[in-house]
Amino acid sequence: MTFPTWMLAGFWGLVSGSALLLGAGIGYFFQVPQRVVAAIMAFGSGVLISTLSLELMEDAYTKGGFYSAAVGFLGGAAGYTFANWLLARYGAKHRKRSGHQQAAERQDVQAGATEGNTPGDDNGMALAVGALLDGIPESIVIGLSLLAGGAVSTVAVVAIFLSNLPEGLSSAAGMKKAGRPARYVLLLWGGIALVSGVASLVGYSVFSHFPPYIVAATTAVAAGAVLAMIADTMIPEAFEVAHNFTGLITVLGFLVSFYLSKMGE
């Protein structure tokens, strides 16, 4: 039985997004040592950096040339940075931290609301929007990868799955310490997993009608947003605990993704 390509795009986006829910469940219900969380975050960062370097930007350059790829790459990074800065003002700066940063941030937001300095009494909505901001660019990439010839990029799916697992794990561990109930955490990440599938489906369905240079620029936008996300949220969490081992573990993740990309050739 042959499934429509748009359905495959949604399926693989859902598969990669499900790692967020799986990681959240592990992070919330099990006491995972912070050093382990940090190591996994560093490894996931290396995997993503390799993927966006060897898969996404290379593909964007091949399809649209340097200027299309460069404009998209910088635009994606700038857009993510601005949105991340805005969310930080509403209490989502430490949304992927596994320590007590989220608890302190939640208290600050509540204290600010009491004094009339912030628009709300909690940062739950900001956390949800931040999770969407981090997950959507990665999922769109999966849909775009199907435009090459109807087959999904296995490297992209595996890389995003491997990076989503520590993201959900670290964030859920921090949410638990901030007093978030299990229902909130699991519904949040379950919803993001579903949105990941939809984003991948949209990435294929919408951009299948556009010329190659538009697809190239969009791929580069996603790559820029992902790299900015790594630098802003994943690497800081990894370095705070793993310290001098962060670079080595990140390189290991890069090497694993590089190996997978070569195996797929």
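For the structure, see preceding data.
Bear in mind that the values here come from a model prediction, so they are computed numbers and not experimental data.

## Quick word on the environment of arginine 180
No. 1: Take arginine 180: it is sitting in the loop between helix 5 (154-177) and helix 6 (182-207).
No. 2: Between the C-alpha atom of arginine 180 and that of tyrosine 28, which follows or precedes it by 152 residues, the distance is 9.8 Å.

## Re the packing of aromatic side chains
No. 1: Following the criterion strictly, the structure yields five aromatic pairs and no others.
No. 2: Residues phenylalanine 11 and tryptophan 12 carry aromatic rings whose centres are separated by 5.0 Å and whose planes lie at 70° to one another, so their mutual orientation is edge-to-face.
No. 3: By relative accessible area, phenylalanine 11 is classed as partly exposed at 44%.
No. 4: On the basis of relative accessibility, which here comes to 29%, the residue tryptophan 12 falls in the partly exposed class.
No. 5: Summarising the aromatic geometry, the rings of phenylalanine 207 and phenylalanine 210 are spaced 5.5 Å apart at their centres and angled 40° between planes, so their arrangement reads as tilted.
No. 6: The exposure class of phenylalanine 207 is buried, given its relative accessible area of 18%.
No. 7: Owing to a relative accessible area of 41%, phenylalanine 210 belongs among the partly exposed residues under this scheme.
No. 8: Across from the ring centre of tyrosine 28, 5.4 Å away, lies the NZ or CZ of lysine 176, which sits over that ring.
No. 9: Here arginine 180 stacks its cationic end above the ring of tyrosine 184, 5.0 Å away from the centre of that ring.

## Points about helix 2 (residues 34-89)
No. 1: When the terminal C-alpha atoms of helix 2 are compared, their 26 Å separation across 56 residues is substantially less than the 82 Å that a helix rising 1.5 Å per residue should span.
No. 2: Helix geometry: helix 2 is bent most strongly at glycine 65, by close to 125°.

## Topic: the packing of helix 1 (residues 5-29) against helix 6
No. 1: Close contact between helix 1 and helix 6 brings their axes to 7 Å; oriented N to C, the two are set at 160°. Classed by the angle they form, the pair helix 1 and helix 6 counts as roughly antiparallel. With respect to the hand of their crossing, helix 1 and helix 6 are arranged in right-handed fashion.
No. 2: Residues of the contact of helix 1 with helix 6, tallied by class, amount to 17 nonpolar, eleven polar and no charged.

## Side note on the packing of helix 5 against helix 8 (residues 246-263)
No. 1: At a closest axis distance of 9 Å, the pairing of helix 5 and helix 8 adopts a crossing angle of 160°. In this view, helix 5 runs roughly antiparallel relative to helix 8, as classed from their interaxial angle. Our pair here, helix 5 against helix 8, has a crossing hand that is right-handed. Across the interface between the two elements, Val155, Val158 and Ala159 of helix 5 pack against Ser257, Leu260 and Ser261 of helix 8.
No. 2: Partitioning the contact of helix 5 with helix 8 into residue classes produces four nonpolar, two polar and no charged.

## Quick word on the pattern of salt bridges
No. 1: Under the definition given, this model contains one salt bridge.
No. 2: Salt-bridge contacts for lysine 63 lead to aspartate 59; the nearest nitrogen and oxygen are separated by 3.3 Å. Of this pair, lysine 63 and aspartate 59 are both found in helix 2, four residues apart, which corresponds to roughly one turn of the helix.
No. 3: We classify lysine 63 as partly exposed; its relative accessible area is 27%.

Analysis parameters
- Residues numbered from 1 in each chain as written.
- Predicted model: local features only at pLDDT ≥ 70, side-chain atom pairs only at ≥ 80, totals over all residues.
- Heavy atoms only, no water.
- Helix = DSSP H or I, 4+ residues; strand = E, 2+ residues; numbered from the N terminus.
- Phe/Tyr/Trp six-rings, centres within 6.5 Å; stacked < 30°, edge-to-face > 60°.
- Buried < 20%, exposed > 50% of the residue type's maximum accessible area, 1.4 Å probe, protein only.
- Lys NZ or Arg CZ within 6 Å of the ring centre and 35° of its normal.
- Expected span 1.5 Å × (residues − 1).
- Bend = angle between axes of the 7 residues up to and from the residue.
- Axes fitted to C-alpha atoms, helices over the stretch in contact; angles between N-to-C directions.
- Parallel < 35°, antiparallel > 145°, perpendicular 65-115°, else oblique.
- Left-handed = near helix turned anticlockwise from the far one by under 90°.
- Nonpolar A, V, L, I, M, F, W, Y, C, P; charged D, E, K, R; others polar.
- Contact = heavy atoms within 4.5 Å.
- Salt bridge = Lys/Arg side-chain N within 4 Å of Asp/Glu carboxyl O.

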